[in-house]
Structure formats: C-alpha cells, structure tokens
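Spelled out from the first residue to the last, the chains are:
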Amino acid sequence: MASYIYVTVAIMFVISPFQVHSLAIDQMIQNVTSESNNVTSSGTNMTSSWGNMTSSMINETEKNCTIIVQERPKAVEVKLTELANKTEENFINVQEGLADVLDQVLTNFTESVNRVYADNNHLLERLNDLEANFNEVKAEKVATEQTLQDIYTDELSCEYIRDNVSAAMTPKSGLYWLRDKYGRRYVTYCDFDAEGRSWTLVASVHENKMGIDGRCNAGDKWSSELGKDADPNADTAWSDLSTFGDVTTATSGDYKSPGYFSANAKNVMIWHVKENTPVEELKEKAYLRYRTTNNVLQTYGGNMYTLYKDHYPHKPGTHYPNHGPSAPVTYDKGSWAEHSYHLGNHIKRYVTGAQIQFRAVTHSKDSFALCPGGAITKSSSTAYDYAQYFCLGSNPKTKDSRYCGDFGWWDRDGYGKGIGYSADQTLVKTAFLIFYD
C-alpha cells in the first residue's frame, strides 16, 4: 500500500514537473509523510528490511520534491524573461512601424503644404499679371477718352466721320456716336450722300394726336404739353436747351438731340417719312427729301436754336408781315408738286413752294416755328392767317386753342381729308426729320 502511494507520487512529479505549484507539492509531501507514518505505525507485522526500504524511498522522494521546488522558479523566470524579451521586441517593431507611418504622414503633409504654397505663389503671380493688365487697359482707356475729347471738342456733325474716320471711302448712312462741344456723347443718324455731303439728324416733329382733345397736350413737345395752363411767353423746344426722344423711334415720337443747339451748321434738310418707319429704312422710305443750299444758318448763329433765341423769337405778339427768314430748297426726292398734292386746295394758294420758312405769324399774333417745303405768301392781305394750316410748332396757349399743337390746325376740314384747309392722311401721319450739314 505505501509502495503504491510512493510510486504514484514519483510518477506525478516526473510526468508533470512544471504543472504543479510548489505549495501543492509541499502539501502533498506532508500528506505522504503523514500517510507513511500511519502506515509504519500500523505495519508492526512487517519485517525490519521493509521498513528500511520504506525509509529509503521516502528520503528519495523528499529529495526529488526539493529539487523540483527549487528548480520551478528558475523555469518561470526563464519564461518571463523570454516573454519580456518578446514583448520588448514586439514593442520595438510597433514603434518602428509607427515611426515609419508618422514619417510618411509628415512627408505627405509637407508635400501638400509645399503644393499649396506653390499654387498660392502662382495665383499671386497671376493676380499681379491681371493687375498689370488692368492698369494697362485703364491707361489705354484714359488715352482713348482724351483722343475722343480732342476729336470731338469742336465737332458735332457727321462731317468729321466722313472726312477723317472714313476718308478713303463713303461711309454708310446710319447710327453713329457723336460728341458735342460740351463733352456730351449721344447717338444719332448720319446721312452721307454721293456728292460728299454729310448730314446730322438733330430733330423730328411728329403729331401723336389731333382733334379737340389733342391740342397742346401730352406728346406736343415742339409746342406745349400744358394746354390752357401754359405760359404763352415761355421758351419752347425750338429755343431752349432741352433734349428728348430717341433716334431709334424718331418716326413715332418727337426727338431732339444736343446737336440741335450745339452744332455750327450751314444748311437744313427735311425728310418726310411715314410714321413708325424703322430707323434703318429712313432714307429709303422717305417720300420727300429737300434741303437749303444758301448756308442760311450761318447768318443766324449756326443753328436753329440761335435763330429763334437771338433773332426771331418763337413767341406770340409779332405782327404780320414780320415772318422769319425763308430759304429756297432743292429736292433730292420728290418735288413741290408732289408735296402740295397732300395739301387742301384752299391752303395751296397761300404758300410759295420749294422753300423753308423759319417762323410765320398770324393775324392773331401767334407764331409757328417752321414751315416745311414752303413759305407763307406775303402778297395777300389775309395770308398771315394761314400759317396754322401749313406750318409746324405753335407757341404755347394760342389765341385760338383750335390751332395749338405741333401740327397746328391741319385738320380744320376733317382729319386726313386733304380738302379745304386740311392735310391728307399721308401728311398728318408723317414725321418731319430735320438735319444739319
């Protein structure tokens, strides 16, 4: 029994020397020793030789247990050392790997920052180039404006364009930008004819409404838009510095450009154009075109503004026969016969054809600014009563309200009838375009 126990204990220590805790081994030794003592005490019938052998085995077992208990901490220490070394090795590997990653991140970041700086420098260079270009454009603009100022300081008409801008060829008639002597720029129509003449459109007179409720009302810019409330002695558009209208709609509404009062012109040309004609078709669609040739405007300050302002006021109070000057005209298209065809039979005998008259007065001392294509005959004792049936632009608040307006009393015997004292439909729907050369 004891032998069996000893052998079992020895085998356990031999097979699993590293799996038994040292404290457990001590406990087992104590148990074995206790059991051995019990067995020895109870085995009084065994021989002395068996006891000796038992004592020898116990001593050997104690020796082995002591060796095992002493050697166990060394094995653990070795394992711990190996584990520490392995852990340190792994930590070093991780540290080195992390360092490599951080170095790569730092390298990428540095490269990105450098690219940003490079892009920023490129952008700054580009902005500097744009600023330099902008300054060059500004300088060119200033130089161009100065050139234009020099060019147009004393020029208003289209003559400069013909003689300087297109000196080698006849320019095309149409819309052009001009600048007057006061520095104002505006766009208007220039007509260039084959004979080398240049004409500037400065005004158009158009009647938007006739009849009893259309006398000196809205739209009558060449007479008065104030009706019975107007001051009859006020300056009208013929003798003031106002501008109005648009050259592109000169056949559907009244028009007056700065050229009317700032030009230094010689002659006047008038076109009869049906209302609402497009600006690009003005010359083609004009059914009458005529002009003065005796430089009449040079005698009166170089334009119609100075003629009315300083010489022949467009105001009421002047007695017959103190009409303004008249000048003969040459027809470039049409004739006085064609012109007079559109007049009523009664008014024809009081008009001398193929002329332009600047201011005509009536028996009631009202004045009309412009008589297109004819002059009121002075030989008749009653001729001064007929300007209202033929001439343009009454003074404000006429003595007889029936002939106040841009077209006076052109509808006395019916609107557009062409009989008696009335103009026909063609004439009352005409825009009168006024040019200077």
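Since we're looking at a predicted model, the values are computed, not measured.

Student: Which residues make up the overall build of the protein chain, and what values go with them?
Tutor: Summing up its helical and strand segments, the protein chain has 10 helices and 13 strands in all. By the burial criterion, 42% of the 437 residues in the protein chain qualify as buried. Restricting the contact set of the protein chain to residue pairs at least 6 apart, pairs at least 24 apart contribute 64%. For the protein chain, the exposed area adds up to about 23400 Å²; of that, 53% sits on carbon and sulfur atoms.

Student: Could you give an account of the pattern of salt bridges, with specific residues and numbers?
Tutor: Two side chains with opposite charge may pair up if their charged atoms get near one another. For the structure on display, the rule yields 13 salt bridges. Taken together, the shared-partner salt bridges in this structure form one network comprising D193, E195 and R197.

Student: Could you give an account of helix α7 (residues 304-311), naming the residues involved and the relevant values?
Tutor: Helical geometry note: an α-helix holds 3.6 residues per turn, so side chains three or four residues apart project in the same direction. Here α7 has its buried residues at M304, Y305, T306, L307 and Y308. Where the residues of α7 are buried, they touch α5 (259-262), β5 (268-274), β9 (355-361), β10 (367-371) and β13 (430-436).

Student: Break down the state of the cysteines for me, citing the residues and quoting the values.
Tutor: Tallied over the entire structure, the rule returns 3 disulfides. Covalent S-S linkage joins C158 and C190, the inter-sulfur distance amounting to 1.8 Å. Taking the sign of the torsion about the S-S bond as the criterion, the disulfide between C158 and C190, at about -75°, is left-handed. Placement of C158 in the loop between α3 (48-152) and α4 (159-165) and of C190 in strand β2 (residues 185-192) is noted, with a sequence separation of 32 residues between them. Take C158 and C190: they sit in the same class, and that class is buried.

Student: An account of the nonpolar core is needed here, citing residue identities and associated values.
Tutor: What tends to happen in soluble globular proteins is that the nonpolar side chains get buried as a cluster. W238, Y260, M304 and L370 are the most contacted members of the largest nonpolar core, which totals 57 residues. Among residues more than four places away in sequence, those in contact with Y260 are V202, A203, W222, A237, W238, N303, M304, Y305, Y308 and Y436.

Student: Break down the environment of G374 for me, with residues and values.
Tutor: Tracing the sequence through the fold places G374 in strand β11 (residues 374-376). With relative accessibility at 0%, the residue G374 sits in the buried group. Each C-alpha atom of the pair G374 and A327 lies 9.1 Å from the other, and the pair is 47 residues apart in sequence. In this structure G374 touches V351, T352, G353, Q355, I356, Q357 and F390, once residues within four positions along its chain are discounted.

Student: I'd love a proper account of unusual backbone geometry, names of residues and values included.
Tutor: A positive phi is found at N295, a non-glycine position, where the angle reads about 55°. Along the chain, the position of N295 falls in the loop between β6 (288-292) and α7. A positive phi angle, close to 60°, is found at A354, a residue other than glycine. Take A354: it is sitting in the loop between β8 (351-353) and β9.

Student: Requested: an account of the packing of aromatic side chains, with residues and values cited.
Tutor: Counted according to the given criterion, the structure contains 23 aromatic pairs. Here the aromatic rings of Y403 and W409 are separated by 6.4 Å at their centres, their planes lie at 35°, and the arrangement is tilted. Here the two residues Y403 and W409 agree in accessibility, since each one is buried. Between W410 and F432, the ring centres sit 5.9 Å apart and the planes meet at 85°, which makes this aromatic pair edge-to-face. Residue W410 is located in the loop between β12 (392-394) and α10 (425-428), and its partner F432 is located in strand β13; the two are separated by 22 residues in the primary sequence.

Student: A description of the pairing of β2 should follow, citing residues and the corresponding values.
Tutor: Most of β2 sits inside the fold, with 6 of its 8 residues counted as buried. Hairpin connection from strand β1 (residues 174-179) to β2: 5 residues lie between these consecutive antiparallel strands, with G183 at a positive phi of about 90°. In the sheet, β2 pairs with strand β3 (residues 198-205) via 3 bridges, with the strands oriented antiparallel. Bridge assignment links C190 to a residue of β3, and that residue is T200. The hairpin turn running from β2 into β3, its antiparallel successor, is 5 residues long, and G196 in that turn takes a positive phi close to 90°.

Calculation criteria
- Residues numbered from 1 in each chain as written.
- Predicted model: local features only at pLDDT ≥ 70, side-chain atom pairs only at ≥ 80, totals over all residues.
- Heavy atoms only, no water.
- Helix = DSSP H or I, 4+ residues; strand = E, 2+ residues; numbered from the N terminus.
- Buried < 20%, exposed > 50% of the residue type's maximum accessible area, 1.4 Å probe, protein only.
- Contact = heavy atoms within 4.5 Å.
- Areas by Shrake-Rupley, 256 points an atom, 1.4 Å probe, with all protein chains shown as cover.
- Salt bridge = Lys/Arg side-chain N within 4 Å of Asp/Glu carboxyl O.
- Disulfide = S-S within 2.5 Å.
- Core = buried A, V, L, I, M, F, W, Y, C linked by side-chain atoms within 4.5 Å.
- Phe/Tyr/Trp six-rings, centres within 6.5 Å; stacked < 30°, edge-to-face > 60°.
- Pairing = 2+ DSSP bridges.

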